[in-house]
Amino acid sequence: MENLRELYQQVILDHNKNPRNFRKMEDPDGFAHGNNPLCGDQIDVYIKIKDGIVDDVSFDGAGCAICTSSASMMTTALKGKTEAEADALFNSFHHALTEDAAYPDDVPLGKLEVLKGVKDYPVRVKCATLAWHTFDAAMKKLNDEVSTE
Amino acid sequence: MTNSAQYDIASIRKDFPILERKIWDKPLVYLDNGASTQRPVQVISAVQDLYENHYANVHRGVHTLSQESTNLYNDARAKVRSFINAACVHEIIFTRGTTESINLVAQSYARPRLKAGDEILITHMEHHSNIVPWQIVCEQTGAALKVVPITDEGEVDQEQFRNMISEKTALLGVTHVSNSLGSVNPVKQMIQAAHEYGVPVLVDGAQSIPHMPVNVRDLDADFYAFSGHKIYGPTGIGVLYGKEKLLNAMPPYQGGGDMILSVSFEGTTYNQLPYKFEAGTPNIAGAIGLGAAIDYVEKIGLGAIAAHEHGLLMYATSKLQEIDGLRIIGRAEQKAGLISFVLDAVHPHDIGTMLDAEGVAVRAGHHCAQPVMERFGVPATARASFAMYNTYQEIDVLAEAIKKTISMFS
């Protein structure tokens, strides 16, 4: 089980136990519902945009540790980013978890680096990216359900 | 804990080559038998022997190989008949699995008969494969789907069941054993009650067939469906048992070769049972592998297997309920060998990954039974499901791995 420390790093376990920005938002500008049909992870992502900048982002729902901690870290990483920066970070993060090659326009992942270990567990990649896909859908002001399929 | 002298677990385990596997350098502890069991060498060899020595298409040629394949294929059907004590071999329809068997009944039996106002009755603990085919046929016909509730223990509420069955009921679909809770339903009594209203009953036997002797005539089931891969046979092969009278009155499910007697552009005469429902080249190797699996199970004896698995269930239940923060979902009085559980501090998906690191394979998720998850207010569960080759020592490994998981997440 010790070999799982790479996947379940302390930071991840901490975010899972105490997720940041874990709340429903009143009057969000963007909202989307994310669902991973494989395991039943469900999260809602709420965003507020002010002058083209992510002013506030929060989430609620139920998911595994990878899903919950990734969502939590995502909210802290996105606050204060422009829409373009947020989009670039999403692309970079997604690339880091799914591709071997370095991302061409490498955007530093910062604290999100701890989630890179998920890449070695292909079935868990969807857990880590669910919040991001949901955020992406919310940004597009979709009110539909988004799926990682 | 000791096994009975007659039950030679060591020699059974030797028959399953995959049990030698190491997972992350740990011995495999395979507890995902509810999803699919492993194959004994006898099944693997039967399939290999077919392909190496006897294979050709069935019911087609006069040549030797076609004859040999046809004989082996027919033998497999005869084995299934005797295994579930059907009256005749042509009541055994080979399908792709339980799911296709249920869809066949929904489309060929129910669809032509259903009209608006009719009801299909199922229970709250059904697998999606015994829900969705009925939803589809209800949508096609205007019939309504009614769901018998389950109790907090995870048993079908028999009083509600008796209140809900009526002249309006066109068919009852009920699982023999719940795949997510382990509950064994009193299907014989339920069938009796349904028959008082002239209601035919389809029993989903996917989870019962590997764990207990099934006698379709004693149950008086009208339809009984199961899958080969859950009883140590190949994937892609399953069985629909149906009473001859019902099957004869049903139109074909799919059209194609083998299901016809003669074809012209003016019209087609359908073949007799069971071929009427087996369009196209069948899963020949799958059926023969299933026959070998049945031979194997009968050699060990389903009574002995059931007793062994019951012992494992009792032992695992006592071991697991000692663990702080662990809750068993499904406390039916009659249970088959599986335990669904949740941990206060750890999501089932994480449990699955953590246990895998200890070599323990369990299922994590909603088990294709989302209404059950909702009923018990959990997004998912972890499920350990037992088979004839599991040991008490493996239960100890499971319990230790769960404890390690909890301590890592606390």
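Keep in mind it's a predicted model, so treat the numbers as computed, not measured.

Once that is clear, we can look at the overall build of chain B. What chain B contains, in helices and strands, is 14 helices and 17 strands. By the compact-globule yardstick of 22 Å for 410 residues, chain B fits well, its C-alpha radius of gyration being 22 Å. Its C-alpha atoms give chain B principal-axis dimensions of roughly 70 × 55 × 35 Å. When the 410 residues of chain B are sorted by exposure, 51% land in the buried category. A sequence separation of at least 24 residues applies to 70% of the contacts in chain B between residues at least 6 apart.

Looking only at helices and strands, chain A features four helices and four strands. In chain A, the succession of helices and strands from N to C terminus is α-β-β-β-α-α-α-β. The C-alpha atoms of chain A give a radius of gyration of 14 Å, which matches the 15 Å a tight globule of 149 residues would have. A principal-axis box enclosing the C-alpha atoms of chain A has dimensions of 45 × 35 × 25 Å. Across the 149 residues in chain A, those meeting the buried criterion constitute 42%. Pairs at least 24 apart in sequence give 62% of the contacts found in chain A among residues at least 6 apart.

A few words on the packing of helix α12 (residues 348-356) of chain B against helix α14 (residues 392-409) of chain B. Geometrically, a packed helix pair is captured by the angle between its two axes and the distance between the axes. Residues and elements named next belong to chain B. Where α12 meets α14, the closest approach of the two axes is 9 Å, and the angle between their N-to-C directions is 120°. It follows from the interaxial angle that α12 and α14 lie oblique. For the pair α12 and α14, the sense of crossing is right-handed. In this structure, α12 uses I351, M354 and L355 to contact α14, whose residues at the interface are A401, T405 and M408. Its residues placed into classes, the contact of α12 with α14 shows five nonpolar, one polar and no charged.

A few words now on the pairing of strand β9 (residues 223-227) of chain B. Residues and elements named next belong to chain B. Taking burial as the measure, the five residues of β9 include five buried ones, the bulk of the element. Of the two faces of β9, the one carrying F223, A225 and S227 and the one carrying Y224 and F226 are both buried. Two elements, strand β8 (residues 201-204) and β9, share three bridges in a ladder whose sense is parallel. By the bridge assignment for β9, V203 is matched with Y224.

Now for the sheet that holds strand β6 (residues 144-148) of chain B. All names here are of chain B. Spatial strand order, β4-β10-β9-β8-β7-β5-β6: seven strands in an open sheet with mixed pairing. The strands lining the two open edges of the sheet, one partner per strand, are β4 (92-95) and β6. Strand-to-strand twist of the sheet, defined as the mean angle between neighbouring strand axes without regard to direction, takes the value 20°. Packing against the sheet, helix α3 (residues 64-84) makes contact with β4, β9 and β10 (238-242), and its axis sits at approximately 120° to β4. Against the sheet, helix α5 (residues 132-141) contacts β5 (119-123), β6 and β7 (169-175), and its axis sits at roughly 145° relative to β6.

It is worth spelling out the nonpolar core at this point. Core analysis: the biggest nonpolar cluster contains 165 residues, and V45 and A131 of chain A together with I288 of chain B have the highest contact counts within it. Counting residues per element, this core draws most heavily on helix α10 (residues 284-300) of chain B, which supplies ten residues. Leave out the neighbours within four places in its chain, and I288 of chain B touches A46, V47, L50, L72, Y73 and A76 of chain B.

In this section: the sheet that holds strand β14 (residues 338-343) of chain B. Residues and elements named next belong to chain B. Strand order in this open sheet of four strands is β13-β14-β17-β16, and the pairing throughout is antiparallel. Edge positions in the sheet fall to β13 (326-329) and β16 (363-365), since each of these pairs with one other strand and no more. In this sheet, adjacent strand axes meet at a mean angle of 30° when their direction is disregarded.

All names here are of chain B. Residue P274 is reached from L273 by a cis peptide bond, and omega for that bond is -5°. Examined against the element boundaries, P274 turns out to sit in the loop between β12 (268-270) and α10. You will see that W24, though not glycine, has its phi angle at about 50°, which is positive. Residue position: W24 is located in the loop between β1 (22-23) and β2 (26-27). The phi dihedral of D258 falls on the positive side, at around 75°, and the residue is not glycine. Within the secondary structure, D258 sits in the loop between α9 (244-248) and β11 (260-263).

Here we take up the interface of chain B and chain A. Taken together, the contacts link 17 residues of chain B with 15 residues of chain A. Sorting the residues of the side of chain B that touches chain A by element identifies α12, β16 and α14 of chain B as the ones contributing at least two each. In terms of residues, the side of chain B that touches chain A owes the most to one element, α12 of chain B, which gives four residues.

Right, let's get into the packing of helix α1 (residues 10-17) of chain A against helix α2 (residues 65-78) of chain A. All names here are of chain A. Between α1 and α2, whose axes approach to 8 Å, the crossing angle comes to 85°. The angle between α1 and α2 falls in the class roughly perpendicular. From α1, I12, L13, H15 and N16 reach across to α2, where they touch A65, T68, S69, S72 and M73. Across the contact of α1 with α2, the residue classes break down as four nonpolar, five polar and no charged.

The next thing to look at is the confidence of the model for chain B. Residues of chain B with pLDDT of at least 70 account for 99%, and the chain-wide mean is 95. Of the two predicted TM-score estimates for the complex, the pTM is 0.92 and the ipTM is 0.84.

All names here are of chain A. Mapped onto the secondary structure, N21 falls in the loop between α1 and β1 (30-36). You can call N21 partly exposed: it has 19 C-beta atoms within 10 Å. Sequence spacing of N21 and S58 is 37 residues, and the spatial spacing of their C-alpha atoms is 4.8 Å. When near neighbours in sequence (up to four residues on either side) are disregarded, N21 contacts V57, S58, F59, S72 and T75.

With that out of the way, let us pick up helix α11 (residues 302-321) of chain B. Turn by turn, an α-helix covers 3.6 residues, leaving residues three or four places apart pointing in a common direction. Residues and elements named next belong to chain B. Spanning 20 residues, α11 covers 28 Å between terminal C-alpha atoms, matching the ideal 28 Å at 1.5 Å per step. Taken as a whole, α11 has its buried residues at I305, H308, E309, L312, L313 and A316. Along the axis of α11, the buried residues cluster in a sector spanning 145°; they form a single face. When the buried face of α11 is taken as reference, the exposed residues oriented beyond 90 degrees from it are G303 and S318. On its buried face, α11 is in contact with α10, β14, β17 (381-385) and α14.

Let us look at helix α4 (residues 98-113) of chain B. All names here are of chain B. In a regular helix each residue adds 1.5 Å, so 16 residues correspond to 22 Å; α4 covers 22 Å between its end C-alpha atoms and thus fits that length. Along its length, α4 reaches its greatest deviation from straightness, about 25°, at A106. Where burial is concerned, most of α4 is hidden: twelve out of the 16 residues are buried. Listed as buried for α4 are T98, T99, E100, S101, I102, N103, L104, V105, A106, S108, Y109 and A110.

Rules and cut-offs
- Residues numbered from 1 in each chain as written.
- Chains lettered and ligands numbered in written order.
- Predicted model: local features only at pLDDT ≥ 70, side-chain atom pairs only at ≥ 80, totals over all residues.
- Helix = DSSP H or I, 4+ residues; strand = E, 2+ residues; numbered from the N terminus.
- Rg over C-alpha atoms; globule rule 2.2 N^0.38 Å.
- Buried ≥ 20, exposed ≤ 12 C-beta atoms within 10 Å, placed from the backbone.
- Contact = placed C-beta atoms within 7 Å.
- Axes fitted to C-alpha atoms, helices over the stretch in contact; angles between N-to-C directions.
- Parallel < 35°, antiparallel > 145°, perpendicular 65-115°, else oblique.
- Left-handed = near helix turned anticlockwise from the far one by under 90°.
- Nonpolar A, V, L, I, M, F, W, Y, C, P; charged D, E, K, R; others polar.
- Pairing = 2+ DSSP bridges.
- Core = buried A, V, L, I, M, F, W, Y, C linked by C-beta atoms within 7 Å.
- pLDDT = per-residue confidence, 0-100.
- Expected span 1.5 Å × (residues − 1).
- Arc of directions from axis to C-beta.
- Bend = angle between axes of the 7 residues up to and from the residue.

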